[in-house]
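Here's the letter readout for the chains.
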Amino acid sequence: MNKDNCINILLVEDSPGDVELTREALSHGNIIHQLDVACDGEEALSFLNKQGKYCNAQTPDLILLDLNMPRKDGLEVLKEIRTHQKLKSIPVIILTTSNSELDIFKCYDNYANAYFVKPVDLN
Amino acid sequence: MLRKLHFEIDNKTFAGFVFVLVVLFVIQWFTLRTTTGLIENTKLVNQTYTIITKLESVFSMLKDAESGQRGYIITNDSNYMGPYNKQRIEVQTKINELKELTIDNPEYQKKLATLDSLQKVKYENMEETLTLQQEAGQVAAIKSIMTGEENKIMIKIRYLIDKMKEDENRILDQRTREANDSSSRTLMVILITGLLALLIIIVSLYYINSDTIKRKKAEEELNRFFTLSLDMMCIIGNDGYFKRINPAFEDVLGYSNKELFSKPYYEFIYPDDKENTVEAVNNMVKDSTKLNIENRWLCKDGSFKWLAWKSVPVGDVRYASARDITEQKLSAERIGKMNEELEMRVKKRTEQLKKSNEELQQFAYIASHDLQEPLRMVASYMQLLEKKYKGKLDEKADQYINFAVDGASRMKALINDLLDFSRLDTKAKPMQFSDFNEILDDVTHNLKVAIKESKTQIEIIDKMPSLIVDSTQISQLFQNLINNAIKFRNQNITPIIKISAEEQPNQWVFKISDNGIGIEKEYYDRIFIIFQRLNNRVEYPGTGIGLAICKKIVERHGGQIWLESEVGKGSTFFFSIKSK
Amino acid sequence: MRNILLVEDTITDGQFIKQTFSEINKYVNIEIVNNEETAKKYLQSNPSFQNAIMADLIIIDLMNSCLKFIEFIKSDSNLRRIPVIILSSSSDNEYINNCCSLFANAFIIKPKEKERFIEIINAIDNFWFKQTRLSSIPK
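Rules behind the numbers
Residues numbered from 1 in each chain as written. Chains lettered and ligands numbered in written order. Predicted model: local features only at pLDDT ≥ 70, side-chain atom pairs only at ≥ 80, totals over all residues. Heavy atoms only, no water. Helix = DSSP H or I, 4+ residues; strand = E, 2+ residues; numbered from the N terminus. Buried < 20%, exposed > 50% of the residue type's maximum accessible area, 1.4 Å probe, protein only. Contact = heavy atoms within 4.5 Å. Areas by Shrake-Rupley, 256 points an atom, 1.4 Å probe, with all protein chains shown as cover. Patch = residues over 30% accessible without salt bridge, like charges linked within 9 Å, V, L, I, M, F, W, Y side chains within 5 Å. Salt bridge = Lys/Arg side-chain N within 4 Å of Asp/Glu carboxyl O. Buried area = accessible area lost by both parts, 1.4 Å probe. Pairing = 2+ DSSP bridges. Axes fitted to C-alpha atoms, helices over the stretch in contact; angles between N-to-C directions. pLDDT = per-residue confidence, 0-100. Core = buried A, V, L, I, M, F, W, Y, C linked by side-chain atoms within 4.5 Å. Arc of directions from axis to C-beta. Polar contact = N/O pair within 3.5 Å; in protein donor to acceptor, adjacent residues only side chain to side chain. Phe/Tyr/Trp six-rings, centres within 6.5 Å; stacked < 30°, edge-to-face > 60°. Lys NZ or Arg CZ within 6 Å of the ring centre and 35° of its normal. Right-handed = clockwise from strand over helix to strand, strands pointing away.

Enquirer: How would you sum up the overall build of chain A? Please name residues and give values.
Expert: When helices and strands are counted, chain A shows 4 helices and 5 strands. Helices and strands in chain A line up, N terminus first, as β-α-β-α-β-α-β-α-β. The buried share of chain A, reckoned over its 123 residues, is 54%. A fraction of 61% describes how many contacts in chain A between residues 6 or more apart in sequence connect residues 24 or more apart. When the accessible surface of chain A is split by element, carbon and sulfur atoms take 50% of a total near 5900 Å².

Here it is in structure tokens:
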């Protein structure tokens, strides 16, 4: 946790609908935050590595990671994060539609902090 | 080797023969006795005759002697003295002989003694007279004779002899009578026993004859069957050659009798089976047991037939009978092949079905799973809209949004239920021993809120068993049924749900009864169909899958589910779970 | 039924956590061990823990640094799927960082007040058992 009260959250999600939902849901929480969005794995890694347009990006305090994404999918991103010296300590919470035991196992096996299945219900 | 004579005559016949034997013996004995008697008799008769003759001789001798004496006295011729002397000796001899002959008859001896003394007296007299003649001359002697003294003696002698003769004659008569009687008796006996024996022989003959007729008939019968039989029957000697065969051999195998008698039996056996058969037959003879064997025999036309044999050794030979089982064997093979084929087809079909099933399951799963994603969008944003803009747009907008939200949530429920339903088989846990009391505890815990809100009373009447089940699914089962009972309650009455269980052979039957709105009989079957509902959605929410899920779960556990209900009064749901 | 392995060296804390959990969630079973070694044995299904059920969650509340232990868990292919929650009275950033670098799943600063502690435990129960998905037996 940062010393400021505002925490930076990086949301890696390809579906804009889900992005909005997540944004909405977070706003109902009690935490002051800043939400950054990367729409796929490549973007996420650029962001984290502060490459290109993300050169001024803040290192997030929390990463919310979707699994089903084009090009680089969530698992690969997770693996890369966990092997990156500077990034490995960032908590990563998987947020995905997949219910599959295999996916859950793979994520935990690659040191995800927690695994959430996107609920159908807004509440 | 001496063959033991088998005694096969039956008891009756034997008794008959023994009887005849006895009778013959009896006859023999009788005859023997009688014959001996007759011989005895004859001896005695002879003796009597001898005695009589001798007695007569004595008298005639005496008479002779007298004549001699008288002649001499008259003529003085010494030739007349010859007989006189001779007879004296002879008479004595004869009397001695008589004495000997009747030595065992004391009375007779007495009489003989008397006779003896009398004849001696007579001779004395005659001597006296002779002496008188010598001394006194002829006239004195004649005068002495004329006194008749000598005559008196002679008369006495005569009388005695006559008496004795009479006695003897009487005895003779008696003896003769006896002999005759005895003979006729013997004859009778012989006749009777002869007739009896004849009778018995006739009876025996008749009996033997009828017996023989019976036996002949039986033999004929057997022979007829032997000849008629469709099965092969034979007698085989220890040398392996057929001793007797029935026509079936020719019919089945095609060889003529000549051919069959020409070789030992094993020459007709299919080569592969020959060794086994011969060994088995030898064992049978050695151990004196029955033999059952199946083997192949070569037919005249070169083909072979399967025969099922039954054989038994008797004395020097073996009796055997066989049945042509070629058809059966072929049938069995055919059936076996057919079965194999069927098995394969069934296997194939099962695999196909399995595959099809799996595909369907997968399809159901994927469909409901992939539907979740767009559904999520719709549902969530509808809800967001509702939140953000409720009251801010016009009434119609509110209404529309309501309908949309409602629709989305129903879709969610349906998809979830479909997923659940499809998971009943795929996500089933392995069956384990589970305590139904615990399961009910969990269920009531899960339905805590609903129970409280509806003020439902749940009574668990019986202690629940522990059975081998998928506890998650049983939990679901109970939960659905109890939830229904709560949902379809009568307003204004405290809903009471009674749960009971009853043990039956091989299964447990559970009862969940409520005092709710009940179900009409015509819908009893429909309610178990997936998504079938009987009530309107507003009053009684739900997708209509609860009971379909219940049915599937119950059936997965080898049981059945049914109900009894009365509209307005309540319903009772029953389901059975196998206990083994 | 969920199983928590609580590595707790303070007996009173251990009792308190166990008690609190049992009140809020009856489907949670807590096994308390008081040092890393025993915890290791437990997790490796050592014969002395024949009936040890695989833990769904590991909570470490040790006074000393437990980095070695975290490393141990997260390097074992069978164990790393289990979320590890560190309870510590220390709020040293570097320590926290180190823990996270070793892939501890969460770090909670132990509150001093009882009510707060109860809230934390509630939060743990809620987050880990009711919200997030856990990995079951690995394939």
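Enquirer: Before we move on, can you summarise a nonpolar patch on the surface with the specific residues and values?
Expert: Taken together, the side chains of Phe14, Val18, Val22 and Val26 of chain B make up a nonpolar region of the molecular surface, amounting to roughly 290 Å² of accessible area. Within the fold, valine 26 of chain B resides in helix H1 (residues 11-75).

Enquirer: Mind laying out the interface of chain C and chain A, listing which residues take part and the relevant values?
Expert: In this assembly, 23 residues from chain C lie in contact with 18 residues from chain A. The three residues of chain C that bury the most area against chain A are Arg80, Phe103 and Arg133 of chain C, which together make up 36% of that side's buried surface. At the junction of chain C and chain A, the tally comes to 1 salt bridge. Residues aspartate 109 of chain A and arginine 80 of chain C are paired through a salt bridge, measuring 3.2 Å at the closest nitrogen-oxygen approach. Within the residue set of the side of chain C that touches chain A, elements represented by two or more residues are helix H4 (93-101) and helix H5 (114-131) of chain C.

Enquirer: Summarise the sheet that holds strand E1 (residues 232-237) of chain B; cite the residues concerned and give the values.
Expert: Residue and element names in this part refer to chain B. Ordered in space as E2-E1-E5-E4-E3, the 5 strands form an open sheet in which the pairing is antiparallel. Each having just a single partner strand, strand E2 (242-245) and strand E3 (291-298) make up the two edges of the open sheet. Averaged over neighbouring strand pairs, the angle between their axes works out to 30° when direction is ignored. Pairing geometry for E1 and strand E5 (residues 317-324), over 6 bridges, is antiparallel.

Enquirer: An account of the pattern of salt bridges is requested, with residue identities and associated values reported.
Expert: This structure, assessed with the given rule, holds 41 salt bridges over all chains. Notably, a salt bridge pairs glutamate 80 of chain A with lysine 72 of chain A, separated by 3.4 Å at the nearest N-O pair. The class of glutamate 80 of chain A is partly exposed, set by a relative accessible area of 33%. The closest approach of N and O atoms between lysine 569 of chain B and glutamate 566 of chain B, which form a salt bridge, is 3.3 Å. Salt bridges here are not isolated pairs; linked through shared partners, they connect Glu13, Asp18, Asp66 and Lys118 of chain A together with Glu373 and Arg376 of chain B.

Enquirer: Give me the lowdown on the confidence of the model for chain A, citing residues and values where you can.
Expert: On average, chain A scores 85 in pLDDT, and the residues at 70 or more come to 93%. When pLDDT is averaged over each element of chain A, strand E3 (residues 62-65) of chain A comes out on top at 92 and helix H1 (residues 16-27) of chain A at the bottom at 86.

Enquirer: Give a detailed account of the nonpolar core, specifying residues and quantitative values.
Expert: Formed by 56 residues in total, the largest nonpolar core has its most connected members in Ile63, Leu65 and Ile94 of chain A together with Phe21 and Trp128 of chain C. The biggest single contributor to this core is H5 of chain C, with 6 residues. Aside from chain neighbours lying at most four places away, what touches phenylalanine 21 of chain C is Ile4, Val28, Ile30, Ile59, Ile121, Ile124, Asp125 and Phe129 of chain C.

Enquirer: Go over the pairing of strand E9 (residues 496-504) of chain B with me, naming the residues and quoting the values.
Expert: Residues and elements named next belong to chain B. Bridge count between strand E7 (residues 457-460) and E9: 4 bridges; the pairing is parallel. Bridge pairing in E9 places glutamate 459 opposite lysine 498. Direction of pairing for E9 relative to strand E10 (residues 507-513): antiparallel, over a ladder of 7 bridges. Following the sheet pairing, glutamate 502 is matched in E10 by valine 509. The antiparallel pairing of E9 with E10 creates a hairpin that spans 2 residues between the two strands, and asparagine 506 there sits at a positive phi of about 70°.

Enquirer: Explain helix H11 (residues 436-446) of chain B to me, and be specific about the residues and the numbers.
Expert: Residue and element names in this part refer to chain B. Here H11 has its buried residues at Phe436, Ile439, Leu440 and Val443. Summarising the axial view, the buried residues of H11 lie within an arc of 95°, below the 170-degree limit, and thus occupy one face. In this fold, the buried residues of H11 make contact with strand E6 (432-435), E7, strand E8 (466-469), helix H13 (471-487), E9 and E10. The opening residue of H11 is aspartate 435, an N-cap whose side-chain oxygen sits 2.9 Å from the backbone nitrogen of asparagine 437.

Enquirer: Mind laying out the packing of aromatic side chains, listing which residues take part and the relevant values?
Expert: In the structure shown here, the tally under the stated rule is 22 aromatic pairs over all chains. Aromatic pair tyrosine 255 of chain B and phenylalanine 268 of chain B: ring centres 4.9 Å apart, planes at 65°, arrangement edge-to-face. One end of the pair, tyrosine 255 of chain B, is in the loop between helix H6 (248-253) and helix H7 (257-262); the other, phenylalanine 268 of chain B, is in the loop between H7 and helix H8 (271-287), and 13 residues separate them in sequence. The class for tyrosine 255 of chain B is buried, based on a relative accessible area of 11%. Measuring from ring centre to ring centre gives 5.3 Å for phenylalanine 16 of chain C and phenylalanine 117 of chain C, while their planes differ by 50°; the resulting arrangement is tilted. Here phenylalanine 16 of chain C is found in helix H1 (residues 11-24), whereas its partner phenylalanine 117 of chain C is found in helix H5, with 101 residues between them in sequence. Three or more aromatic residues link up through ring pairs in this structure, and these residues are Phe242, Phe249, Tyr255, Phe268, Trp297 and Trp309 of chain B. Over the ring of tryptophan 306 of chain B we find lysine 329 of chain B, and its NZ or CZ is 4.4 Å from the ring centre.

Enquirer: Provide a residue-level description of the confidence of the model for chain C, including the pertinent values.
Expert: Residues and elements named next belong to chain C. In the predicted model, chain C carries a mean pLDDT of 84, and the fraction of residues at 70 or more is 91%. The element-level mean pLDDT for chain C is lowest in helix H2 (residues 36-43), coming to 83, with strand E4 (residues 84-88) highest at 91. Confidence estimates for the predicted assembly give a pTM of 0.50 and an ipTM of 0.81.

Enquirer: Tell me about the sheet that holds E3 of chain A, residues and numbers included.
Expert: Residues and elements named next belong to chain A. One open sheet accounts for 5 strands, arranged E2-E1-E3-E4-E5; its pairing is parallel. Sheet topology places strand E2 (33-38) and strand E5 (114-117) at the edges, where each strand pairs with a single neighbour. Within this sheet the neighbouring strands show an average axis-to-axis angle of 20°, counted without direction. Taken together, the 3 bridges between E3 and strand E4 (residues 92-96) define a ladder with parallel strand orientation. Note on E4: the bridge partner recorded for leucine 65 is isoleucine 94.

Enquirer: Pulling in residues and values, what's your account of the pairing of strand E3 (residues 57-61) of chain C?
Expert: Residues and elements named next belong to chain C. Most of E3 is tucked away: 5 of the 5 residues are buried. Of the two faces of E3, both are covered, the one formed by Leu57, Ile59 and Asp61 as well as the one formed by Ile58 and Ile60. Where strand E1 (residues 2-8) lies against E3, 5 bridges are found, and the strand directions are parallel. Counted as the bridge partner of glutamate 8 is aspartate 61 from E3. By the bridge criterion, 3 bridges tie E3 to E4 in an arrangement that is parallel. Residue pairing in the sheet places isoleucine 60 in a bridge with isoleucine 86 of E4. Following the backbone out of E3, through helix H3 (residues 67-75) and into the adjacent parallel E4, one traces a crossover that is right-handed.

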